[in-house]
Amino acid sequence: MRSKGAIMSKRFCALVLLIVAAVLIVSEADGARKLRVIATIPDLKALTEAVGGDLVEVDSLSRGTVNAHEIEIRPSMMLKLRRADIVVENGLELDKWIDVAVQGSNNDNIVRGGAGVIDVSRGIPVLEVPTVRIDRSMGDVHPLGNPHYSLDPGVAPIITQNILEGLSRAAPEHRTTFERNRQAFLAQLDSRMGEWTKLMEPVKGSKVVVYHPQWIYFLTRFGLIETGWVEERPGIPPAPGHLVRLVRVMKDEKIKVLIYAPWNDEKLAERIAEEAGAKPLLLAAMVGGVKGADSYLAAVDYNVRTLSQALRQ
Ligand SMILES: [Zn+2]
């Protein structure tokens, strides 16, 4: 009896172990189905989630309230990158800082030129490409042209196409799902685009001044004109003489708004606007940049409504 009982319990133990192993394998397979993606900026996190849906787990290395030109590399970024299957980057040197973090991550998937890197600037009609070689020692942060194209909802089809190709490279079996997700997102975008164009129609041709030259794609899309910048050159603090000239231009041209981002010097924006008789206008320069702008469509919607309202006053 005793020996029979021992055999039974051995069998029982073996069965339990088998079940546990099966559960582990299933959950591991379940986890493995999600691609681990790291985006450099929140706009690209949002657009990757739109294409990847449930099949991806996306994290952003920066937040919507900080200047993407000036991200400080932290050890936690390297840890995130170590586990990544894919990196989604803006390119045009906006997020070149990621190279240092990737080096520290020891992850061959995501080294520059590797299959796990999606540079979404591919195919973007880049604006403000310098005609002369930019001297980096002067600190200009747009040496390859203006990198702030993600603010223009009109280029989201190109960005999401690049994301689709990159995700499908990593998980070809899910291409159909990625395509379906992208189409659903573009359909939503398309209907919002109709609303936004209508809202901007009455203020078409208006001139605005910006703090950092990051609104050109957005403004051009809706037929607005960028007349001046607080920063004399991208990323370089203005000299007093430049600000005197700027205020004069703003008065002459009867500029109504000065657009700035959450990380710009708010006091300076307010002072210039006041002197020129204009209104300082904080916009969501990135998803999450202002309250309520917590998705890609919500951020564009906030910018369109806020700007069109300010220009109509
Ligand atoms: Zn910039």
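Residues numbered from 1 in each chain as written. Predicted model: local features only at pLDDT ≥ 70, side-chain atom pairs only at ≥ 80, totals over all residues. Heavy atoms only, no water.

## Looking at the confidence of the model for the protein chain
The predicted structure's coordinates, where accompanied by low pLDDT, should not be read in detail. Our working rule: Along the chain, pLDDT gives the predictor's confidence residue by residue, from 0 to 100. Only heavy atoms enter the contact rule, under which two residues are in contact if any of them lie within 4.5 Å.
Predicted confidence across the protein chain gives a mean pLDDT of 91, with 88% of residues reaching 70 or more. In this model residues 24–31 is a low-confidence stretch, pLDDT under 50, and it forms 0 contacts with partners more than four residues away in sequence or in other chains.

## Here's the deal with the coordination of the zinc ion
Filter applied, for reference: Sites may look incomplete, because water is not among the atoms used; the donor set itself consists of N, O and S atoms within 2.8 Å of the metal (3.2 Å for Na, K and Ca). Here a site with four donors is tetrahedral if all angles are between 85 and 135 degrees, and a site with four or six donors is square planar or octahedral if opposite donors are over 155 degrees apart and the other angles are between 65 and 115; anything else gets the irregular label. To sort residues, take the accessible area from a 1.4 Å probe on protein chains only and compare it with the maximum for the residue type: under 20% means buried, over 50% means exposed, and anything in between is partly exposed.
In the first shell of the zinc ion, the protein supplies His69 (NE2), His142 (NE2), His148 (NE2) and His212 (NE2), at 1.9 to 2.0 Å from the metal. For the zinc ion, the 4 donor atoms in the first shell make angles of 107 to 116 degrees at the metal, a pattern classed as tetrahedral. On the basis of relative accessibility, which here comes to 4%, the residue His212 falls in the buried class.

## As for the pairing of strand β8 (residues 279–282)
Quick note on the threshold: Should DSSP find at least two bridges between two strands, the strands are taken to pair. Going along the chain from the N terminus, every DSSP run of H or I of four or more residues is numbered as a helix, and every run of E of two or more is numbered as a strand. By convention, a crossover is right-handed whenever its connection, traced from the first strand over the helix to the second and viewed with the strands pointing away, goes clockwise.
Sheet topology note: the strand β7 (residues 257–260)/β8 ladder contains 4 bridges and is parallel. In the strand pairing of β8, Ile259 is matched with Leu281. For the crossover from β7 across helix α9 (residues 266–276) to β8, the handedness is right-handed.

## Details of the nonpolar core
We apply this condition: Note on terminology: a nonpolar core comprises buried Ala, Val, Leu, Ile, Met, Phe, Trp, Tyr and Cys residues joined through side-chain atoms within 4.5 Å. Annotation comment: domain bounds sourced from an automatic or database domain assignment.
By size, the foremost hydrophobic cluster in this structure holds 65 residues, and its most contacted members are Leu167, Tyr296 and Leu307. Counting only domains with at least three residues in this core, you end up with domain 2 (34–194) and domain 3 (199–312). With residues near it in sequence (within four places) discarded, Leu167 still touches Leu35, Val37, Thr48, Val51, Gly52, Val56, Ile86, Ile118 and Phe178. The next biggest cluster of nonpolar side chains, apart from the first, holds 16 residues, and it includes Leu246, Val247, Tyr260 and Leu268.

## Quick word on a negative patch on the surface
Just so we agree on the cut-off: Here, patches come from residues exposed beyond 30% relative accessible area and free of salt bridges, joined within 9 Å for like charges and within 5 Å for nonpolar side chains (Val, Leu, Ile, Met, Phe, Trp, Tyr). Exposure was quantified through the Shrake-Rupley algorithm and a 1.4 Å probe, taking into account, for residues, occlusion by the shown protein chains and nothing else. Within this document, salt bridges are pairs made up of a side-chain nitrogen of Lys or Arg and a carboxyl oxygen of Asp or Glu, the two lying within 4 Å of each other. Just so you know, the count uses Lys and Arg for positive and Asp and Glu for negative, and it drops His and the chain ends. We put the charge of a Lys on NZ, of an Arg on CZ, of an Asp on CG and of a Glu on CD.
Taken together, Asp265, Glu266, Glu270 and Glu274 make up a surface patch of like negative charges. Looking at the secondary structure, you find Glu270 in helix α9. For Glu270, a relative accessible area of 34% puts it in the partly exposed group.

## Focus: the sheet that holds strand β6 (residues 225–229)
Here is the rule we go by: Interaxial angles span 0 to 180 degrees and are taken between N-to-C directions of axes, which are lines fitted to C-alpha atoms, for helices over the stretch in contact.
Taken in spatial order, the 4 strands of this open sheet run β6-β5-β7-β8, and their pairing is parallel. Of all the strands in the sheet, just β6 and β8 have a single pairing partner and so form its edges. Averaged over all pairs of adjacent strands, the angle between strand axes in this sheet comes to 35 degrees, irrespective of strand direction. Direction of pairing for strand β5 (residues 207–210) relative to β6: parallel, over a ladder of 4 bridges. Among the inter-strand pairings, Val208 is bridged to a residue of β6, identified as Glu226.

## Thoughts on helix α10 (residues 296–312)
Short version of the rule: By definition here, a helix of n residues has an expected span of 1.5 Å times n minus one.
An ideal rise of 1.5 Å per residue puts 24 Å on 17 residues; α10 measures up with 25 Å between its terminal C-alpha atoms. The element α10 is largely enclosed, with a buried count of 12 among its 17 residues. What α10 keeps buried is the set Tyr296, Leu297, Ala299, Val300, Asp301, Asn303, Val304, Thr306, Leu307, Ser308, Ala310 and Leu311.

## Examining α9
How we decide: Within this analysis, the arc is defined by the directions that extend from the helix axis to the C-beta atoms. Residues adjacent in sequence count toward polar contacts only when both atoms are side-chain atoms; beyond that, a polar contact is any pair of N or O atoms within 3.5 Å, and within protein one must be able to donate a hydrogen and the other to accept it.
When α9 is considered as a whole, its buried residues turn out to be Leu268, Ala269, Ile272, Ala273 and Ala276. For α9, the angular spread of buried residues about the axis comes to 130 degrees, placing them on one side. In α9, the exposed positions that point more than 90 degrees away from the buried face belong to Lys267 and Glu274. At its buried positions, α9 is contacted by α8 (240–252), β7 and β8. Sitting at the head of α9, Asp265 places a side-chain oxygen 3.2 Å from the backbone nitrogen of Lys267. Backbone geometry just downstream of α9 places Gly277 in the positive-phi region, at approximately 70 degrees.

## Quick look at the environment of Ala276
Positionally, Ala276 belongs in helix α9. In this structure Ala276 comes out as buried when scored by relative accessible area, which is 9%. In this view, Ala276 contacts Val247, Met250 and Lys251; residues no more than four positions away in its chain are not counted.

## A word on the packing of aromatic side chains
The criterion, for reference: Two rings from Phe, Tyr or Trp (for Trp, the six-membered ring) form a pair when their centres sit within 6.5 Å of each other. Planes less than 30 degrees apart are called stacked, planes more than 60 degrees apart edge-to-face, and all others tilted.
Under the defined criterion, the tally for this structure stands at 4 aromatic pairs. Measuring from ring centre to ring centre gives 6.1 Å for Trp215 and Phe218, while their planes differ by 75 degrees; the resulting arrangement is edge-to-face. Look at Trp215 and you get buried, because its relative accessible area is 0%. Here Phe218 and Phe222 contribute two aromatic rings whose centre-to-centre distance is 5.4 Å and whose plane-to-plane angle is 65 degrees, an arrangement assigned as edge-to-face. Taken individually, Phe218 and Phe222 each receive the classification buried, so the pair is uniform in this respect.

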